[in-house]
Amino acid sequence: MGIDKDELLTKLKELLKEEVSKISYDTWINPLGIQSMTDDHIVFTTVSEYQKDFIENKYRSLVFNTLRYITNKDWTFSVIDLSKDCLLYTSDAADDLTR
């Protein structure tokens, strides 16, 4: 049986906490979420564009390697910025209210 996304996220954060400074963990890793998982792809969520950029650029290899360590398989992942999605949703909702 496979690992569920909440369990995977908890294990990922526990291991990454040991690999980065406290400030880096609190800023970039701790707010990370998982929106969805398929057999080999994970969609991570972030709370800002800056966090998204850091995960995609600075921490990509560390996340890949840690996921492989936890699950003993290779993953692909993408990262979405929830703050941008929320702003778009709020904007759309506001447009609906003005019609």
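This report concerns the structure included in the present document. None of the values given here were measured: they were computed from a predicted structure.

Turning next to the nonpolar core. The biggest cluster of nonpolar side chains holds 19 residues, and the ones touching the most others in it are Ile42, Phe44, Leu67 and Phe77. Broken down by secondary-structure element, the contributors of at least two residues to this core are helix H1 (5–17), helix H2 (22–29), strand S2 (41–46), helix H4 (60–71) and strand S3 (76–81). In terms of residues, this core owes the most to one element, H1, which gives four residues. When residues no more than four places from it in sequence are discounted, the contact partners of isoleucine 42 are Leu8, Ile34, Ser36, Met37, Leu67, Trp75, Thr76, Phe77 and Ser78.

Here we come to the sheet that holds S2. Taken together, the three strands give an open sheet; going across it, the order is S1-S2-S3, and neighbouring strands pair in mixed fashion. In this open sheet, the two edge strands, each paired with only one partner strand, are strand S1 (33–37) and S3. Sheet twist, expressed as the average angle between the axes of neighbouring strands with direction ignored, equals 25°. Pairing between S2 and S3: six bridges, direction parallel. Each bridged residue has a counterpart across the sheet, and for isoleucine 42 the counterpart in S3 is phenylalanine 77. Relative to S3, helix H3 (residues 49–57) is tilted by about 165°, and along the sheet it contacts S2 and S3. Seen against the sheet, H4 touches S2 and S3 and runs at an angle of roughly 130° to S3.

This brings us to the packing of aromatic side chains. A full pass over the atoms with the stated rule returns three aromatic pairs. Between phenylalanine 64 and phenylalanine 77, the aromatic rings sit 4.7 Å apart at their centres with planes inclined by 45°, giving tilted as the arrangement. Of this pair, phenylalanine 64 sits in helix H4 while phenylalanine 77 sits in strand S3; the two residues are 13 residues apart in sequence, bridging distant segments of the chain. Look at phenylalanine 64 and you get partly exposed, because its relative accessible area is 23%. For phenylalanine 77, a relative accessible area of 6% puts it in the buried group. Ring pairs connect the aromatic residues Phe44, Phe64 and Phe77, which therefore count as one cluster. Here arginine 60 stacks its cationic end above the ring of phenylalanine 77, 4.8 Å away from the centre of that ring.

Positioned with a positive phi, asparagine 72 is a non-glycine residue whose angle comes to about 60°. Among the secondary structure elements, asparagine 72 is positioned in the loop between H4 and S3.

What counts, and where the lines are drawn
- Residues numbered from 1 in each chain as written.
- Predicted model: local features only at pLDDT ≥ 70, side-chain atom pairs only at ≥ 80, totals over all residues.
- Heavy atoms only, no water.
- Core = buried A, V, L, I, M, F, W, Y, C linked by side-chain atoms within 4.5 Å.
- Buried < 20%, exposed > 50% of the residue type's maximum accessible area, 1.4 Å probe, protein only.
- Helix = DSSP H or I, 4+ residues; strand = E, 2+ residues; numbered from the N terminus.
- Contact = heavy atoms within 4.5 Å.
- Pairing = 2+ DSSP bridges.
- Axes fitted to C-alpha atoms, helices over the stretch in contact; angles between N-to-C directions.
- Phe/Tyr/Trp six-rings, centres within 6.5 Å; stacked < 30°, edge-to-face > 60°.
- Lys NZ or Arg CZ within 6 Å of the ring centre and 35° of its normal.

By themselves, these observations are geometric and do not establish any function.
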